[in-house]
Amino acid sequence: ISDMRMPNLGGIELLEQVRTIQPDLEVILITAHAEVAQAVQAVKLGAFDYLTKPFEDDQLFVAIDKALKFRRLSDENRLLRGRLNGQVALERIVGVSRPFKEMMALVDKIAPTDATVLITGESGTGKEVVARSIHYKSHRADKDFVVINCAAIPRELIESELFGHIKGAFTGAVRDKRGKFELADGGTLFLDEIGELGTDLQAKLLRAIQQRTIEPVGAERTVEVDVRLLAATNVNLKERVANGSFREDLFYRLNVIPLRVPSLAERREDIPILVKEFLRAFGRSEALTVSPDLMRCLMNRPWPGNIRELENLVERMVILRQADTLTTADLPEDFGRGGSAGADVPRSTIALNGDLTFHGAEKKLILEALIRAEWNRSQAALQLGIPRHVLIYRMKKYNLTEPG
């Protein structure tokens, strides 16, 4: 509750700052100088109410009561949305295969605990969906599930994103900002692609896990946080520990409960169920089906992009379909229709010999694609049929850099 005319800082300016620092806070403004333009501006900026002096005490009490009720309803709505999202996340995890059932049995066992979990698996297998299911099956389900992709944020900003910063901490820090740890307080923080975190930040993350406190950038204070940590990676962290690019002590802190998400190739029995789920999601109210020939073709594909690739393909076919029963005619032209597992694997001109290892072949294949694409990463990734960020991981792994 604030007056409008005050020394140094007016009510409108205060409202603007409040909305940036704590957007959920309700603000009631009072003034003896009623102006329509000022009232309109206050409402546009998010003021809950605008009272003109003189007013009865009851008027203020009614305004406060309304603001509190609105806040409670908003909190309940957020909670219900979170539960609905959790239910959607749980619905997306379907399968009957043995690898899938073994994974879900472990999820059910570890979800009620606060143990840190390291989720591993190939890109596109659904590691974030598994992490969400762990959260929504835990006692923290009514709190926030906060995600941060460690590879998607520039290295110079990742510390601020994780731990927050204070105003003036660096160029562009025009206000205080809470980091992901604070936003996840009481809930779950999911660190995706943890293997891409720089070694300097690994030490700070380790300290946050051990001490349950964080220090915002530029601050001289620490903030206590109660967060359950889930991390995911599609790289071999043990190899990174061995070559010194990942801290061994942090690895053991994260790897309290290791959970591997099987690839789609390991759970082919689940493909019909997943296809049905995607048809229901993308077809909405329409009853869509898949022909036996198309299903056989889908079952035989190697699926290097895993569930994400299957989901994208089904969405594409649903949008461009010729009828409500999808057939092989609905497959895109670049999809191999021969039916064999290797029918649509891109052919390479690299020379394979008996001494060449899998990683050696992979390195040569990536190098060839980069050269053909004149080192355009997006084009090279398209040629290889993999996401761009996966290509970048592999380039770092094999130390592939553009000449000059």
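Relevant structure appears above.
First things first, this report covers the structure right here in the doc. Values in this document were obtained by computation on a predicted structure and should not be read as measured data.

Scoring rules and cut-offs
Every chain begins its residue count from 1, and numbering advances along the sequence as written. pLDDT decides what is reported in this predicted model: residues at 70 or higher carry local features, side-chain atom pairs at 80 or more are listed and counted, and totals for whole chains, interfaces and linings draw on all residues regardless. Side-chain numbers here rest on the full set of heavy atoms in the structure, without hydrogens or water. In this description a helix means any DSSP run of H or I spanning at least four residues, a strand means any run of E spanning at least two, and both kinds are numbered starting from the N terminus. Residue burial is assigned from relative accessible area. The probe radius is 1.4 Å, only protein chains are included, and a residue is buried under 20% of its type maximum, exposed over 50%, and partly exposed in between. Each cavity reported here is a set of points on a 1 Å grid over the protein atoms alone in which a 1.4 Å probe fits but cannot get out, each pocket an open set with protein on both sides within 12 Å along at least five of seven lines, and each lining residue one with an atom within 4 Å of a point. Grid points are joined across faces, edges and corners, and a volume is the space filled by probe spheres set on the points. Residues were grouped as follows: Ala, Val, Leu, Ile, Met, Phe, Trp, Tyr, Cys and Pro as nonpolar; Asp, Glu, Lys and Arg as charged; and all remaining residues, including Gly, as polar. Throughout this description, the term salt bridge denotes a Lys or Arg side-chain nitrogen within 4 Å of a carboxyl oxygen of Asp or Glu.

### Focus on unusual backbone geometry
Point 1. At the junction of Lys53 and Pro54, the peptide bond is cis and its omega measures out at -5 degrees in the coordinates.
Point 2. By the element assignment, Pro54 lies in the loop between strand E3 (49-52) and helix H3 (57-92).
Point 3. With a phi angle near 55 degrees, Trp303 is a residue other than glycine that sits in the positive phi range.
Point 4. Tracing the backbone through its elements, the reader meets Trp303 in the loop between helix H12 (292-300) and helix H13 (306-320).
Point 5. Taking the relative accessible area as the measure of exposure, Trp303 reaches 1% and is therefore buried.
Point 6. Phi is positive for Trp375, which is not a glycine, with a value near 65 degrees.
Point 7. Looking at where Trp375 falls in the secondary structure, it is placed in the loop between helix H14 (358-372) and helix H15 (377-384).
Point 8. We classify Trp375 as buried; its relative accessible area is 17%.

### Describing the layout of surface pockets
Rolled over the atoms, a probe with the dimensions of a water molecule shows which regions are left empty.
Point 1. Of the voids in this model, the second largest pocket is the one considered here, and its volume is about 960 Å³.
Point 2. Lining the second largest pocket are 32 residues; nearest its centre among them are Gln22, Pro23, Asp24, Arg178 and Leu183.
Point 3. Mapped onto the lining of the second largest pocket, the elements with two or more residues apiece are helix H1 (11-21), H3, strand E5 (145-149) and helix H7 (180-183).
Point 4. For the lining of the second largest pocket, the per-class residue count stands at 14 nonpolar, 3 polar and 15 charged.

### Considering the pattern of salt bridges
Point 1. Summed over all chains, the structure comprises 22 salt bridges.
Point 2. Among the ionic pairs, Glu196 bridges to Arg240, the shortest N-O distance being 3.3 Å. Of this pair, Glu196 sits in the loop between strand E6 (188-192) and helix H8 (199-211) while Arg240 is found in helix H9 (residues 237-242), placing the two residues 44 residues apart along the sequence.
Point 3. When its relative accessible area of 9% is taken as the criterion, Glu196 is described as buried.
Point 4. One salt bridge connects Arg260 with Glu266, and the closest N-O pair in it is separated by 2.5 Å.
Point 5. Residue classification places Arg260 among the partly exposed positions, given a relative accessible area of 48%.

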